[in-house]
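Examining the three-dimensional arrangement
Here is what each chain is made of, one letter per residue.
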Amino acid sequence: RSPSRGLGDVYKRQEISIEKSAFQIDHQSNILLVGSCFSQNIGQVLKNQKFKTLINPLGISYNPISISNLIQRYSNYRENEFLENDDLFFNYQLHSKFNSTQIKASLSKANQSLKNQKEFLKTSQIVFISYGTAWVHELADSREITNNCHKQVKNKFRKRLLSVNEIKAAIKNTVAYLNRISKKEIQIVFTVSPIRHVKDGIRENQISKSTLQLAIHEICIDYSNCTYFPSYEIMLDDLRDYRFYESDLIHPNKVAIDYIWEKFADAYFSEKTNSLNKLIQGFNASIAHRPFNPESLQHQFFIKKLIQQLKQFNEDEKIDFQVEINQLETQLIS
């Protein structure tokens, strides 16, 4: 059942109308998603729907400076870029998923992820960037903007708000880099994360989001391959009810994410792509089915038929279900 159906019966809504995009995303598009955890949310739905995605290879990031630096990173990470605290190596520019008790392990994981990103970008048609905040934490001694404080003591940092011009400069550098390295025409979709950074303060969060909005608005005027998707506006002005939030009253719940996804699909997918998505949803539901008796003739016939359908779908639409086919084949009784 579509998450949008019935919402209007519960309360009056200010539904946001989104124009159909001038370009379309399909299952053959390579899509890089970077930035805040909202890019993880949308990226995971895309991945489940069998789109070709790479999601935050260098980790979640929130501010435009750090996101720009991660996208443009080209040279390998070096040992002197990592620090050690309590027997744990970390890098202020990287997510904590790269932390390790062994420097070699941190370097290997970071550089492999960087390699994956560089290779993927060469053939990417879509880059989806989700900005979370305009607030940054600088190292007090060097004024270097950090991507992650790694729970270090507060007096090591200085917190400040980026200006619109600083953000625009970072985004311009990002756009120029992506236009230069991509082997295909690239489209860049910006959004402001609907997740409020209330730890900064309610008013401070609004100032931060507004600053991001102003910068993105001016960039999208200047660059024809840059567009904006209003996830923040959908959450705050359309789904303006705490029933659409998790229990922390900050993060969108599944109903909200599904609804935002529906709006995303309406804007960027063709009728054919939406039709394929419905078929893929059906396949995913069938694959997830757990029978009472896996060895019954009925279920064995069901698996064989499903495998045949998936193989035919692979051949016809060039959408890869090979992993799922392999898993299903292990359930067959010879």
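Figured I'd write up the structure that's included with this text. (Residues numbered from 1 in each chain as written. Predicted model: local features only at pLDDT ≥ 70, side-chain atom pairs only at ≥ 80, totals over all residues. Heavy atoms only, no water.)

1. Quick word on the overall build of the protein chain
Put simply, the rule is: A run of H or I in DSSP becomes a helix once it reaches four residues, and a run of E becomes a strand once it reaches two; helices and strands are each numbered from the N terminus. Whether two residues are in contact is decided by their heavy atoms: any pair within 4.5 Å suffices. Calculation of accessible area relied on Shrake-Rupley with a 1.4 Å probe; when residues are assessed, cover is drawn exclusively from the protein chains displayed. Here the positive residues are Lys and Arg and the negative ones are Asp and Glu; neither His nor the chain ends is included. Charge positions are represented by NZ for Lys, CZ for Arg, CG for Asp and CD for Glu.
Secondary structure summary: the protein chain contains 11 helices and 10 strands in total. In the protein chain, once contacts between residues fewer than 6 apart in sequence are set aside, the share between residues at least 24 apart is 70%. Accessible surface computed for the protein chain: about 17,600 Å², of which carbon and sulfur atoms make up 50%. In the protein chain, 43 positive and 36 negative side-chain charges are present, and the distance between their average locations comes to 2 Å.

2. A closer look at helix α9 (residues 271-288)
Selection rule: Take the number of residues in a helix, subtract one, and multiply by 1.5 Å to get its expected span.
Under the 1.5 Å per step criterion, the end-to-end length of α9 is 26 Å for 18 residues, consistent within 8% with the ideal 26 Å. Check the buried side of α9 and you find it contacts α2 (37-48), α8 (254-268), α10 (297-317) and α11 (322-329).

3. What about the packing of α9 against α10?
We apply this condition: For every element, the axis is a line fit to its C-alpha atoms; helices are fit only across the contacting stretch, and the angle between N-to-C directions ranges from 0 to 180 degrees. Roughly parallel means an angle under 35 degrees; roughly antiparallel means over 145; roughly perpendicular covers 65 to 115; every other angle is labelled oblique. By definition, turning the near helix anticlockwise from the far helix through less than a right angle yields a left-handed crossing, and turning it clockwise yields a right-handed one. Residues are grouped as follows: Ala, Val, Leu, Ile, Met, Phe, Trp, Tyr, Cys and Pro are nonpolar; Asp, Glu, Lys and Arg are charged; all remaining types, including Gly, are polar.
Running from amino to carboxyl end, α9 crosses α10 at an angle of 155°, the nearest separation of the two axes being 11 Å. Classified by the interaxial angle, the pair formed by α9 and α10 is roughly antiparallel. The handedness of the crossing between α9 and α10 comes out as left-handed. Contacts from K272, L276, L279, I280, F283, S286 and I287 of α9 reach α10 at F302, L306, Q309, L310, F313 and E317. Counted by class, the contact of α9 with α10 contains 9 nonpolar, 2 polar and 2 charged residues.

4. Observations regarding the side chain of N30
Put simply, the test is: Classification of residues uses two cut-offs on accessible area relative to the type maximum, computed with a 1.4 Å probe and protein chains only: under 20% is buried, over 50% is exposed, and between them is partly exposed. By the criterion applied in these results, polar contacts are pairs of N or O atoms within 3.5 Å in which, for protein atoms, one can donate a hydrogen and the other can accept it, and in which residues neighboring in sequence qualify only through two side-chain atoms.
Take N30: it is sitting in strand β1 (residues 30-35). Here N30 falls in the buried class, since its relative accessible area comes to 14%. In terms of polar contacts, N30 uses its side chain to reach the side chain of T123, at 2.8 Å. Apart from residues no more than four positions distant in its own chain, N30 is found in contact with K52, F120, T123, S124, Q125 and I126.

5. Some remarks on the sheet that holds strand β5 (residues 126-131)
Heads up, the condition is: At least two DSSP bridges between two strands are needed for those strands to be called paired.
Overall, parallel pairing links the 5 strands, which are arranged β2-β1-β5-β9-β10 in an open sheet. Each edge of the open sheet is held by one strand with a lone partner, namely β2 (52-55) and β10 (226-228). Shown here is a sheet whose adjacent strand axes are inclined to one another by a mean of 20°, direction ignored. Where β5 and strand β9 (residues 187-192) come together, 6 bridges link them in parallel fashion. Across the sheet, residue F128 finds its bridge partner in β9, namely V189.

6. A short note on the sheet that holds strand β8 (residues 157-161)
With antiparallel pairing, 3 strands are arranged side by side in an open sheet as β7-β6-β8. Unpaired on one side and paired on the other, β7 (145-146) and β8 mark the two borders of the sheet. Pairing geometry for strand β6 (residues 135-139) and β8, over 5 bridges, is antiparallel. By the bridge assignment for β8, V136 is matched with R160.

7. Observations regarding the nonpolar core
Inclusion rule: Nonpolar core, defined: a set of buried Ala, Val, Leu, Ile, Met, Phe, Trp, Tyr and Cys residues in which side-chain atoms within 4.5 Å join the residues together.
In terms of nonpolar packing, the biggest core is built from 31 residues, with I129, Y131, I171, L178 and F190 touching the most fellow members. Elements represented by at least two residues in this core include exactly β1, α3 (64-72), α4 (103-122), β5, α5 (164-181), β9 and α6 (202-222). Of the residues forming this core, the biggest block, 6 residues, is contributed by α5. The residues contacting Y131, other than those within four sequence positions of it, are Y62, P64, I67, I171, F190, T191, V192, S193, L212 and I216. One finds I126, V189, I257 and F264 within the second-largest nonpolar core, a separate group that totals 30 residues.

8. A short note on the environment of K52
With respect to the helices and strands, K52 occurs in strand β2. It is 30 Å that separates the C-alpha atoms of K52 and A169, two residues lying 117 residues apart in sequence. Once residues lying within four places of it in the same chain are set aside, the contact partners of K52 are H27, Q28, S29, N30, I31 and F120. At a separation of 3.2 Å, a polar atom in the side chain of K52 contacts the side chain of Q28.

9. Brief notes about the pairing of β2
For clarity, the threshold we go by: Convention used here: a crossover is right-handed provided that the path from the first strand, over the helix, to the second strand proceeds clockwise when the strands point away from the viewer.
Pairing of β1 with β2 involves 4 bridges; the strand directions are parallel. By the bridge assignment, I31 is partnered in β2 with T53. Tracing the backbone out of β1, into α2 and back to the parallel element β2 gives a crossover that is right-handed.

10. Points about the pattern of salt bridges
Which entries qualify depends on this criterion: We define a salt bridge as a side-chain nitrogen of Lys or Arg found within 4 Å of a carboxyl oxygen belonging to Asp or Glu.
On inspection of all chains with the given rule, the structure shows 15 salt bridges. A salt bridge links K263 to E15; the shortest N-O distance between them is 2.8 Å. Here the residue K263 occupies a position in helix α8, and E15 occupies one in the loop between α1 (7-10) and β1, the gap between them amounting to 248 residues. A residue is classified by how much of its surface remains accessible, and K263, at 10% relative accessible area, is buried. Assessed through its relative accessible area of 47%, E15 is described here as partly exposed. The partner of D200 in a salt bridge is K159, and the shortest N-O contact between them spans 2.7 Å.

11. A look at helix α7 (residues 231-238)
The buried fraction of α7 amounts to 6 of the 8 residues, a majority that puts the element mostly inside the structure. Listed as buried for α7 are S231, Y232, E233, I234, M235 and D238. Taken together, the buried residues of α7 touch α2, β9, α6, β10 and α8.

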